[in-house]
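# A look at the structure
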Amino acid sequence: MLKQDNLVFRFHGDHTPALEKLALKLKETLEAHGYHYRWYSISPRLVLNFITDDEVKPYRRRAQATFVVSMLEASQSPQDPIKEWYPYLVRGLSNMLLVYIPNKETHFLTLDLAHFIEPEGNRFYERLFERIHPMASSVLVVNNRFEQDLEPELWQGDELTRSLSEAGCKLGQWDLLPAAFPIDKILSAEDFRHVKRLYGIGGLSYGNLSVRQDHHRFWMSASGVDKSKLSEIGRDILLVKDYDSTANAIVLSVPPNVEPRRVSVDAIEHWLIYKEHPEVGAIIHVHAWMQGVPTTQFHYPCGTYQLGRAVAEKVRQSPDPASAVVGLKNHGLTVTGRSLAHILDRIDGKLIKHVPME
Ligand SMILES: [Zn+2]
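Residues numbered from 1 in each chain as written. Predicted model: local features only at pLDDT ≥ 70, side-chain atom pairs only at ≥ 80, totals over all residues.

Moving on, we come to the environment of G157. Position of G157 relative to the elements: it lies in the loop between β8 (143-147) and α4 (159-173). For the pair G157 and L238, spaced 81 residues apart in sequence, the C-alpha separation works out to 9.8 Å. Residue contacts for G157: discarding those within four places in its chain leaves R162, I233 and I237. (Helix = DSSP H or I, 4+ residues; strand = E, 2+ residues; numbered from the N terminus. Contact = placed C-beta atoms within 7 Å.)

Written as structure tokens, this is what we have:
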């Protein structure tokens, strides 16, 4: 399952002299770690996409598994790097943006708004590799398969889906659902559709929540909807019934006559946790932090099997898997509970809005 294909990488676009030097060193380092360079490949695993201030040429992938790092040269770090540089990440249709300030440092920005810096110096290229590799080699599980087999008595939801709406409201009141960067304002309609298809990103608000329905199924918020206004079944709230590992797809039960939305990209993570721990009744994921929580080791992208597995491992190691708080490195928290109320009670007043970046 989810076997790693050959780690082929290629370059795309024209580079400045400083970026060329960086790219060649990075190429050597990637090769030393088993990646294979091809000057052309239809579905490479990794693309280093060179962009400039004036020209952001996107690399249009043919395959979902292709990870694109757009590479930009800058002369200095702006006041607010995310605000200044995030548009380049999005316009390049990239998963990650690398900004190189020659003789000083390299900044990384990711789609989920993480930002971290590697200063030049000892093991510089190795450190760059260690930033890129966990993300480039992980597998997205953002495919959805909708089956119109939801029991009629659940078409209007039930007690559980109402508890989900209420918990979403609460997170909204706590101001934990920041509007995501307005991706749809930066991209053309066509590129926005492309981004949504690739990452399952809707662009309205971050975080997600779910509640167990029965032994093998759970309700979860949809992707890209306002989590403080969850109401319609099949559109705002979806019933996850399975993960099809052959098709690498999340399987959802939906009512007829509803144009379903995609489920949150982190459904795979929740699925792994519910499957392993029958006593877990609810899960909430927010982009906030809590003091002293056990944390995953690598920064994996949202919606990947690897992130799901890393979080599930931390939940397993906690003294009570049904009341675990796990830090997702550079990203946020995943909190389990016996119910949504059990989670909200435990995190109330303890959340720090700023996620530490390392
Ligand atoms: Zn997240």
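We are not done yet, so read on.
A separate point is the nonpolar core. With 94 residues, the main nonpolar core has V69, M71, L97, L164, L238, V240 and L252 as its most contacted residues. A domain split of this core shows at least three residues from each of domain 1 (8-136) and domain 2 (143-347). Other than its neighbours up to four places away in sequence, M71 contacts L19, A23, L48, N49, F50, I51, L98 and Y100. (Core = buried A, V, L, I, M, F, W, Y, C linked by C-beta atoms within 7 Å. Buried ≥ 20, exposed ≤ 12 C-beta atoms within 10 Å, placed from the backbone. Domains from an automatic or database assignment.)

Turning our attention to the packing of helix α7 (residues 267-276) against helix α8 (residues 305-317). For the pair α7 and α8, interaxial distance at closest approach is 8 Å and the crossing angle is 35°. Relative to α8, the crossing made by α7 is right-handed. For the pair α7 and α8, contact is made by I268, E269, L272, I273 and E276 and by Y305, L307, G308, R309, V311, A312, V315 and R316, respectively. When grouped by side-chain class, the residues that make up the contact of α7 with α8 number eight nonpolar, one polar and four charged. (Axes fitted to C-alpha atoms, helices over the stretch in contact; angles between N-to-C directions. Left-handed = near helix turned anticlockwise from the far one by under 90°. Nonpolar A, V, L, I, M, F, W, Y, C, P; charged D, E, K, R; others polar.)

Glancing now at the sheet that holds strand β11 (residues 237-244). Within the open sheet, the eight strands sit side by side as β8-β12-β11-β10-β9-β13-β15-β14. Their pairing is mixed. In this open sheet, the two edge strands, each paired with only one partner strand, are β8 and β14 (325-328). Each strand of the sheet is rotated relative to its neighbour by a mean of 25°, with strand direction disregarded. Note that strand β10 (residues 218-221) and β11 share four bridges and pair antiparallel. Considered in β11, the bridge of S221 is made with I237. (Pairing = 2+ DSSP bridges.)

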